[in-house]
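# Topology and contacts: notes
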Amino acid sequence: MKKLLIVLSVIIALIAAVLLFIRFYPSFGGMPSKSDRKEYSTRTEYYDGKKFIYPEKWTVESNIEDIRISSKDTSPVDELPVSTPDFSLADENNVMVTWFGHSSVLIQFHGYNLLCDPVFSERCSPMQWIGPKRFSEPTVSVKDLPHLDAVLLSHDHYDHLDQQAVKELNAKSDIFIVPLGVEKHLERWKIPENKISTVTWWDKLNIGNIEINCCPSRHFTGRRLIDSDMTQWCSWVIRDDTYSIFDSGDGGFGGHFQEIHDRFGDFDFALMECGQYNSNWHHSHLFPEESANAADIVKAGTVLPIHWGAFVLSNHGWDDCPERFTIQADKLGLNVVTPHLCETFSPDNSANYQNRWWRDFT
């Protein structure tokens, strides 16, 4: 009996230590308070008082199967080609894009600089000594970026919300635009409240002539064991009078794609999540064919497949996502650009960025 009590005491002490660590270690971020939850309930119908929800009316079960076509490992053996970006190519008359790998993208939109889901750390993890490690390194860091008019954060998972990048970007960016609940993480990391704008699905925010629209996706959130869906997730529509961009964020297939198109019309350019999928979490990540189908639903003139090329978060071949995506996109007649990592390119000059370069690497 005495030994049993000792064992139980040790187990309880370990559990208490883990819970305290999760609560006080800064990278886990903050938690919405009771008053925060009350406010969220007044701002959106997609919140049940405790958690954010994806409505049943948009639930669509796709018949796409996860058929692997790549025989390559989950991370490349060869060193991938990584370019040096040229941010000076952008001006008020054009749209330039630089994809840093995974979902980190700089959009230079008619003179405005918008950075989406920046992750520059070596690992997408609360601790930099454990967790998924990069297999491709950006050729630039936060300090090399131009001044930013806004940072857009689609949700709070570690592969999209990087504490170190956020802290460094505080001096680089005018504002952080985040879905409800994500502001608690930024506040924990000492980002001034007047530099944080919270939005929920169908909210609109203007930066100069640019319109930022927070839109739905079918996903989930959480940075610790006890905070599942306590913050919202989203996709983005970025547009002005002459040009429109859709960033899908993370998420599975659903009726929200058609709803977004119904509200905003055709898109000139779309960034579509197409990697880190798995049959075990099919509802929260698109299979590549579904991603191409979704790009077709929103009627994107040019499409960039993202959410690959940096971290291993599933068990498919590292090149399976772009290969499957482009095969399906070709069937649909989509115009797909596949620039090198960190290559600054123009979506309107797509013919120069259609080399399927991953086929040359093992």
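Described in the following lines is the structure provided in the data block. (Residues numbered from 1 in each chain as written. Predicted model: local features only at pLDDT ≥ 70, side-chain atom pairs only at ≥ 80, totals over all residues. Heavy atoms only, no water.)

## Observations regarding the overall build of the protein chain
When helices and strands are tallied, the protein chain shows 7 helices and 13 strands. Its C-alpha atoms give the protein chain a radius of gyration of 20 Å, within 12% of the compact-globule value 21 Å for 362 residues. Over its C-alpha atoms, taken along the principal directions, the protein chain stretches across nearly 75 × 45 × 45 Å. In the protein chain, which comprises 362 residues, the proportion classed as buried is 59%. Considering only contacts in the protein chain between residues 6 or more positions apart, those separated by 24 or more positions represent 70%. Of the accessible surface of the protein chain, which amounts to about 15,400 Å², a share of 51% is contributed by carbon and sulfur atoms. Averaging the locations of the 33 positively and 50 negatively charged side chains of the protein chain gives two centres separated by 11 Å. (Helix = DSSP H or I, 4+ residues; strand = E, 2+ residues; numbered from the N terminus. Rg over C-alpha atoms; globule rule 2.2 N^0.38 Å. Buried < 20%, exposed > 50% of the residue type's maximum accessible area, 1.4 Å probe, protein only. Contact = heavy atoms within 4.5 Å. Areas by Shrake-Rupley, 256 points an atom, 1.4 Å probe, with all protein chains shown as cover. Lys, Arg positive; Asp, Glu negative; His and termini not counted. Charge placed at Lys NZ, Arg CZ, Asp CG, Glu CD.)

## Some remarks on the pattern of salt bridges
All chains considered together, the criterion is met by 15 salt bridges. Among the charged side chains, a salt-bridge network with shared partners connects D66, R68, E289 and R324. (Salt bridge = Lys/Arg side-chain N within 4 Å of Asp/Glu carboxyl O.)

## Details of the nonpolar core
One finds I177 and I238 to be the most contacted residues of the largest nonpolar core, which totals 73 residues. The element contributing the most residues to this core is strand β11 (residues 267–273), with 5 residues. Discounting chain neighbours no more than four positions away, the residues touching I238 are I107, F109, L114, L152, I210, E211, I212, Y243, S244 and I245. Counting 23 residues, the second-largest nonpolar core is a separate cluster that includes L106, L115, L169 and V182. (Core = buried A, V, L, I, M, F, W, Y, C linked by side-chain atoms within 4.5 Å.)

## Some details on the sheet that holds strand β10 (residues 244–247)
Within the open sheet, the 6 strands sit side by side as β7-β8-β9-β10-β11-β12. Their pairing is mixed. Of all strands in the sheet, those with a lone pairing partner are β7 (204–207) and β12 (300–306), marking the two edges. Ignoring strand direction, the axes of neighbouring strands in this sheet form an average angle of 20°. The strands that helix α6 (residues 288–297) touches are β11 and β12; relative to β11, the one it contacts most, it runs at about 160°. (Pairing = 2+ DSSP bridges. Axes fitted to C-alpha atoms, helices over the stretch in contact; angles between N-to-C directions.)

## Examining empty space enclosed by the protein
Considering all chains together, one arrives at 3 cavities of 30 Å³ or more under this definition. Taken as a whole, the largest cavity spans an internal volume of roughly 60 Å³. Looking at the largest cavity, the residues that line it are T74, F135, Q276, W308, G309, F311, V312, L313, S314, H316, G317 and W318. Grouping the constituent residues of the lining of the largest cavity by class yields 6 nonpolar, 6 polar and no charged. For the second largest cavity, the calculated volume is near 40 Å³. Of the residues assigned to the lining of the second largest cavity, the class counts are 2 nonpolar, 3 polar and 3 charged. (1 Å grid on protein atoms, 1.4 Å probe; cavity = no way out; pocket = protein on both sides within 12 Å on 5 of 7 lines; lining within 4 Å. Points joined across faces, edges and corners; volume = space filled by probe spheres on them. Nonpolar A, V, L, I, M, F, W, Y, C, P; charged D, E, K, R; others polar.)

## Re the layout of surface pockets
There is about 230 Å³ of room inside the largest pocket. H157, D159, H219, F220, D250, Q276, W281, H285, H307 and L313 are the residues that line the largest pocket. For the lining of the largest pocket, a count of residues per class yields 3 nonpolar, 5 polar and 2 charged. When its volume is computed, the second largest pocket comes out at roughly 180 Å³. Along the wall of the second largest pocket there are 16 residues; nearest its centre are S27, S125, P126, Q128 and Q163. Considering only residue class, the lining of the second largest pocket consists of 7 nonpolar, 6 polar and 3 charged.

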